[in-house]
Amino acid sequence: MQDTPLTAPPVPTPGQADPPGAHRRKGALEGSATWSLSDRVGLAICWAFGVLFCAIAVAIVVYLMIQGVKFLRPEMLWTPAAAGFSETETGGFSDAFLGTMIVATLGIALALPAGIAIAVWLVEYGRPATLARVTESTIEAIAGIPSIVLALFGTVIFSSSALGFLSRTSEGVVFGRSFFAAGAMLSLVALPLIVASVREGLNSIPRHVREASYAVGKTKAATTRRILLPTCRPQVATGAMLGLGRIIGDTAIIVVLLGATQNFAPVEGVGFPLDYLRGAGTTLTNFVYEASPTGNLNQPQKAYAAAFVLLLMVLALNAAVDVVHRRARKAGTWSH
Amino acid sequence: MEPLTRSASDMDPTRVGSNSDALAPPPIRRLQLEDPEPAREATAPLAPGDGQAPQQSGFTTAKRSVGAPQFSIRRMEIDEVSVHYGAKEAVKRVSLPVRQGEVLALIGPSGCGKTTLLRSLNRLTELTSAARLTGRILLDDVDITEIEPTLLRRRVTMVFQQPNPFPMSVFDNIAYVLREQGSRRARKKTLEPAVHSALDRAGLFEEVKDNLDHPALKLSGGQQQRLCIARALAAEPEVLLLDEPCSALDPKSTQVIEDLIVKLRDDVAVVIVTHNLQQAYRIADHVAFMYLGDLVEYNSATALFGSPREQRTREYVSGAFG
């Protein structure tokens, strides 16, 4: 884009510098008109896929919006699911909605500090070097493992008697399914995304900025806390958002490690909040699955309503990250 | 966001760092007056119209903006220092004095080791794991390897080539230096005088005093660099290291910073690395010319540029190679 015209526009000399087809466009913009046929076909394919993808995404969102607005009743958010024969009798999905919130909070509360810590170690210290490299590939491996595999592994861990206090135990057998178990495993799902995002943020800070802090007598720790981490706040937010998205969207771990009951199943014992966290429950994704025509409940209207709530949650996360990024842009950045 | 208004003081060297007691001797730990001989050396060809010496090396257009130093106190002593990066020897047995009251310029072509030498003075080279230093560097007669690095780096602070204020407000940039390590303690109110004085010494206070909460990264390049100088001064250092501080700036900001550097030499010992020979000639009292890790020549600025002793120096300052 050129705002100001060149002071002395070059005199066009036809046939000398002009590539074929250049006369079709005015100004100095490069156009695809001069490209070879194969390049133009390639560009058209890129364009078509982009537009196709956009259309699909818009279709999904719009369809869910329409269905959601049609079927969602606010009272569903605070009415627990109930047994019944028609959609009017089965109540809402308050337990699933709360369950999603709980699982997301637990998962991110574990994954965010751990992810930031790992990223700081890998980028700022990275010693011993071999161990750091091994850790890097381990995290990449976890990112690639399907969550159902993690869930299976979780059943082994959380059914052990040492961790029995995290779930229900009856007659010496540890149930191994609870919000604690699901939250802990889901944090593993979110962790690689957070680590990757924070590492990217730390790596984007020029080296001389760190040195400027060392050069006024600050330690590495002080520099990390006061300069580096505040600078990569947007990337931390992005990582947390992506992680939350994965946690909210996961179904396999919920089915295997949360019990996937339709209502909360608190374990009597310690006291109010902990009893619920030690018990089984469900989340919105699991509710959508159960309520869809393939599930046990088969009440598609509520499935749409719950899916719409999920969609709103994800959109809200996106908006939050946008706000953080915009605020960071306002603070400016270094010239490279 | 509009950058803070740049006042006319940008152009006026007398306004920069309007420090009334600039002439009063600064607080010093040891008072060891040097033989003032080098100082006189620097004054000799200063008389206007005396273009003899500069003509010889093509410096007729450059004007020295610096008068003779009032005094000079030895702060640092570089003694037979060599720095190796693995097998490569970046600095070869260099010995130099660093004096308060003077500006020392390190010049030489790229890769000659001048930045490495500068970074050794506050042990920043140690952050590059491959670097190995031999020889001694003394700060007020104490070997710097015996000083805890964070303490050393508060006494020998540094300004970098790229302006690199921290992504926070102007005030917080200085306050960060004044506070303990990572602490957020020490209220804004209690830090205010020190922050103002640091900004004032860097000649920035007048321009930013109305909005100290302005994001530092939204200042102009020249203002950012002066903020970095203010930050380096806030630690009350004895030596200020400048690594090509003007190479990313426009000529106008460069002049403001050059005037500032000359003004600062009475309070701190100044060592500046520069690619710009005219700049070295304008502001330095002593110049060290390095080539491929060797210290080729060390002399007063006028002598080194006017009548270089070494053949390589003569070629370099006359532009035969760069």
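The rules we used
- Residues numbered from 1 in each chain as written.
- Chains lettered and ligands numbered in written order.
- Predicted model: local features only at pLDDT ≥ 70, side-chain atom pairs only at ≥ 80, totals over all residues.
- Heavy atoms only, no water.
- Helix = DSSP H or I, 4+ residues; strand = E, 2+ residues; numbered from the N terminus.
- Rg over C-alpha atoms; globule rule 2.2 N^0.38 Å.
- Buried < 20%, exposed > 50% of the residue type's maximum accessible area, 1.4 Å probe, protein only.
- Contact = heavy atoms within 4.5 Å.
- Patch = residues over 30% accessible without salt bridge, like charges linked within 9 Å, V, L, I, M, F, W, Y side chains within 5 Å.
- Areas by Shrake-Rupley, 256 points an atom, 1.4 Å probe, with all protein chains shown as cover.
- Salt bridge = Lys/Arg side-chain N within 4 Å of Asp/Glu carboxyl O.
- 1 Å grid on protein atoms, 1.4 Å probe; cavity = no way out; pocket = protein on both sides within 12 Å on 5 of 7 lines; lining within 4 Å.
- Points joined across faces, edges and corners; volume = space filled by probe spheres on them.

Trainee: Would you mind going over the overall build of chain A with me for this structure?
Mentor: Looking only at helices and strands, chain A has 12 helices and two strands in total. When the elements of chain A are put in sequence order from the N terminus, they spell out α-α-α-α-β-β-α-α-α-α-α-α-α-α. Since a compact globule built from 336 residues should have a radius of gyration of about 20 Å, the 27 Å found for chain A marks it as more spread out than a globular shape. Counting only C-alpha atoms, chain A reaches 90 × 60 × 35 Å along its principal axes. Buried residues in chain A amount to 40% of all 336 residues. Look at the contacts in chain A between residues 6 or more apart in sequence, and 68% of them connect residues 24 or more apart.

Trainee: Can you walk me through a nonpolar patch on the surface in this structure?
Mentor: On the surface, a cluster of nonpolar side chains totalling about 690 Å² of accessible area is made up of Leu37(A), Val41(A), Ile45(A), Phe49(A), Leu52(A), Ile56(A) and Ile60(A). Relative to the helices and strands, Ile56(A) is located in helix α1 (residues 37-71).

Trainee: Would you take a moment to explain unusual backbone geometry for this structure?
Mentor: It is generally the case that most residues other than glycine have a negative phi and that most peptide bonds are trans. At the junction of Arg127(A) and Pro128(A), the peptide bond is cis and its omega measures out at -5° in the coordinates. Here Pro128(A) is to be found in the loop between α2 (94-125) and α3 (129-144). We note that Asp141(B) has phi near 70°; this positive angle belongs to a residue other than glycine. With relative accessibility at 48%, the residue Asp141(B) sits in the partly exposed group.

Trainee: Hey, could you run me through the pattern of salt bridges in this one?
Mentor: A side chain with one charge can pair with a side chain of the opposite charge if their charged atoms come near. Residues and elements named next belong to chain B. Within the structure shown, the criterion is met by 19 salt bridges over all chains. The salt bridge involving Asp-79 is made with Arg-136; its shortest N-O contact spans 3.2 Å. Highlighted residues: Asp-79 in strand β1 (residues 73-85) and Arg-136 in strand β4 (residues 131-139), separated in sequence by 57 residues. Relative accessible area serves as the criterion here: at 25%, Asp-79 is assigned to the partly exposed category. Of the charged contacts in the structure, one is a salt bridge between Lys-209 and Glu-206, with a shortest N-O distance of 3.1 Å. With relative accessibility at 37%, the residue Glu-206 sits in the partly exposed group. Residues joined in a network through salt bridges with shared partners are Arg-75, Asp-140, Arg-155 and Glu-238.

Trainee: Help me understand the layout of surface pockets, please; the structure alone is not making it clear to me.
Mentor: The method is simple in principle: a probe with the dimensions of a water molecule rolls over the atoms, and the space it marks as empty is what remains. What the largest pocket holds in volume is close to 960 Å³. Lining of the largest pocket is provided by 33 residues; of these, Pro230(A), Thr231(A), Arg233(A), Ala331(A) and Pro167(B) occupy positions nearest its centre. Elements with a minimum of two residues in the lining of the largest pocket: α7 (220-231), α8 (233-249) and α12 (300-331) of chain A together with α5 (170-178) of chain B. Per-element tally for the lining of the largest pocket: the top contributor is α12(A), with seven residues.

Trainee: Please explain helix α6 (residues 207-214) of chain A as it appears in this structure.
Mentor: Think of an α-helix as 3.6 residues a turn; residues three or four steps apart then line up on the same face. Taking burial as the measure, the eight residues of α6(A) include seven buried ones, the bulk of the element. Listed in full, the buried residues belonging to α6(A) are His208(A), Val209(A), Arg210(A), Glu211(A), Ala212(A), Ser213(A) and Tyr214(A).

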